Amino acid sequence: MEFASVKELLCKAQENGYAVPAFNVENMETVQGVIQAAEELNCPVILQTTPSSVNYAGLDFFTACVRNAIRNTRVPVALHLDHGSSYELAARAMKEGYSSVMIDGSRLNFEDNVALTSRVSELGKILGVSVEAELGSVGGKEDGLTSESVLLTNAAEAVEFAERTKVDSLAVAIGTAHGFYKGEPKLDIKRLKEIKAAVNIPLVLHGTSGVPDEIVKECIKNGICKVNYATDLRNVFTKAVKLNMEKNPDNIDPKKYLGAGREAVSEIVKKRIRLCY
């Protein structure tokens, strides 16, 4: 089975008022856990890797791992580069077989972000790969990605950015952050409504782990078509592995404690899938 087109998945979500959940994967077990949950609920999903995960295992590993894992699956599954840090990395991911890439120029000024994103978007059109970009800046730290400042997305700038870059989807900053929240996040739903009214491409929400379910639903209702989860999966996977090792201190078989992590990932993914659809 080939990877699904993220553009097609998100356009369908936009038309029907739901969101496609996207899950960051780190290894074979997290890949299997996500796909296991998607198959059980018969819902499309997006698997994502960040630059640090790519540095750890390689684009070729994740492409082969996910492609093999979905060989007999019944549901659409896409493979996406999350927070692509350069044109070169985005291009490598496209040529390696990823069906979607994000180019993250959010740390650049507006014009430089437009220039970088436009180059990646143009290549994506040539190769038939979906391209996501970010306007504004989601704060926090996750997977080696750090942003001390939060710059919320401006609706008027979003219109210009989308028109000039021709991207397929846009990640917006409305108050979420990467990593663990110290308190309950306060999202700017009014701003989200303004952005939705101004642009016609699907919108993406980053930093969703830890956002209350009712707020996620409100975001989906107001234009979010792709919802990213990373910290949730890392948290439950690590806890399950630690607990299994504590209960079985004499076990030296990695399959047993990593398998516990895989099952924990599958359970949290099922909850997030039900929330989005």
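Only a predicted model underlies this, so the values are computations on that prediction, with no experimental measurement involved.

**Structural notes on the overall build of the chain**
In step 1: Assigned secondary structure in the chain consists of 11 helices and 11 strands.
In step 2: The C-alpha atoms of the chain give a radius of gyration of 18 Å, which matches the 19 Å a tight globule of 277 residues would have.
In step 3: Along the longest, intermediate and shortest principal axes, the C-alpha atoms of the chain span 60 × 40 × 35 Å.
In step 4: Taking all 277 residues of the chain together, the buried fraction comes to 56%.
In step 5: Counted over contacts in the chain with a minimum sequence separation of 6, partners at least 24 positions apart contribute 72%.
In step 6: Working note: accessible area of the chain is about 12400 Å², and carbon and sulfur atoms make up 50% of it.
In step 7: Of the charged side chains in the chain, 33 are positive and 36 negative; the average position of the first set lies 3 Å away from that of the second.

**Some remarks on the pairing of strand 8 (residues 169–172)**
In step 1: Of the two faces of strand 8, the one holding Ser169 and Ala171 and the one holding Leu170 and Val172 are both buried throughout.
In step 2: The pairing of strand 5 (residues 130–135) with strand 8 spans 4 bridges and is classified as parallel. Within strand 8, the position partnered with Leu135 by the bridge is Val172.
In step 3: By the bridge criterion, 3 bridges tie strand 8 to strand 10 (residues 203–205) in an arrangement that is parallel. Counted as the bridge partner of Leu170 is Leu203 from strand 10.

**Looking at the UniProt feature "binding site: Zn(2+) 1" (unreviewed entry) in the chain**
In step 1: Per the UniProt record, "binding site: Zn(2+) 1" (unreviewed entry) is annotated on His83, His178 and His206.
In step 2: Note that His83 resides in strand 3 (residues 77–84).
In step 3: By relative accessible area, which is 4% here, His83 ends up buried.
In step 4: In this fold, His206 is placed in the loop between strand 10 and helix 9 (213–221).
In step 5: At 3.1 Å, the side chain of His206 and the side chain of His83 are in polar contact.

**So, the pattern of salt bridges**
In step 1: Under the definition given, this model contains 13 salt bridges.
In step 2: A salt bridge links Arg234 to Glu26; the shortest N-O distance between them is 2.9 Å. Residue Arg234 is located in helix 10 (residues 231–247), and its partner Glu26 is located in the loop between strand 1 (20–24) and helix 2 (28–41); the two are separated by 208 residues in the primary sequence.
In step 3: Given a relative accessible area of 30%, Arg234 falls into the partly exposed group.
In step 4: With a shortest N-O distance of 2.9 Å, Lys270 and Glu267 are connected by a salt bridge. Taken together, the positions of Lys270 and Glu267, both in helix 11 (residues 254–276) and 3 residues apart, correspond to about one turn of that helix.

**Considering the UniProt feature "binding site: dihydroxyacetone phosphate" (unreviewed entry) in the chain**
In step 1: Residues given the UniProt feature "binding site: dihydroxyacetone phosphate" (unreviewed entry) here are Gly179, Gly207, Thr208, Ser209, Asn228, Tyr229, Ala230 and Thr231.
In step 2: Tracing the backbone shows Gly207 in the loop between strand 10 and helix 9.
In step 3: With relative accessibility at 11%, the residue Gly207 sits in the buried group.
In step 4: With respect to the element layout, Tyr229 can be found in strand 11 (residues 224–229).
In step 5: In this structure Tyr229 touches Ala22, Phe23, Asn24, Thr208, Ser209, Val216, Arg272, Leu275 and Cys276, once residues within four positions along its chain are discounted.

Thresholds, definitions, all that
- Throughout, a residue's number is its position along its own chain's written sequence, starting from 1.
- In view of the model being predicted, local features appear only for residues whose pLDDT reaches at least 70, and side-chain atom pairs are presented and counted only at 80 or more, with totals across whole chains, interfaces and linings using the full set of residues.
- Hydrogen atoms and water are omitted, and side-chain values are computed over all heavy atoms in the structure.
- Numbering of helices and strands runs from the N terminus, with a helix taken as a DSSP run of H or I at least four residues long and a strand as a DSSP run of E at least two residues long.
- A radius of gyration in this sense is built from C-alpha atoms; the matching globule rule multiplies 2.2 Å by the number of residues raised to 0.38.
- Throughout, exposure labels follow a simple rule: accessible area from a 1.4 Å probe, protein chains only, divided by the maximum for the residue type, with under 20% read as buried, over 50% as exposed, and the rest as partly exposed.
- Whether two residues are in contact is decided by their heavy atoms: any pair within 4.5 Å suffices.
- Under the convention used here, a 1.4 Å probe and the Shrake-Rupley method define accessible areas, while residue burial counts only the protein chains that appear.
- Charged residues are defined here as Lys and Arg on the positive side and Asp and Glu on the negative side; His and the ends of the chain fall outside this count.
- For the purpose of locating charges, the reference atoms are NZ of Lys, CZ of Arg, CG of Asp and CD of Glu.
- For two strands to pair, DSSP has to find at least two bridges joining them.
- UniProt positions are given in the numbering used here, feature names are shortened, and annotations may be inferred rather than shown by experiment.
- As used in this structure description, the phrase polar contact means that two N or O atoms lie within 3.5 Å; if the pair is within protein, one of them must be able to donate a hydrogen and the other to accept it, and residues adjacent in sequence are counted only when both atoms belong to side chains.
- What makes a salt bridge here is a side-chain nitrogen of Lys or Arg within 4 Å of a carboxyl oxygen of Asp or Glu, nothing more.

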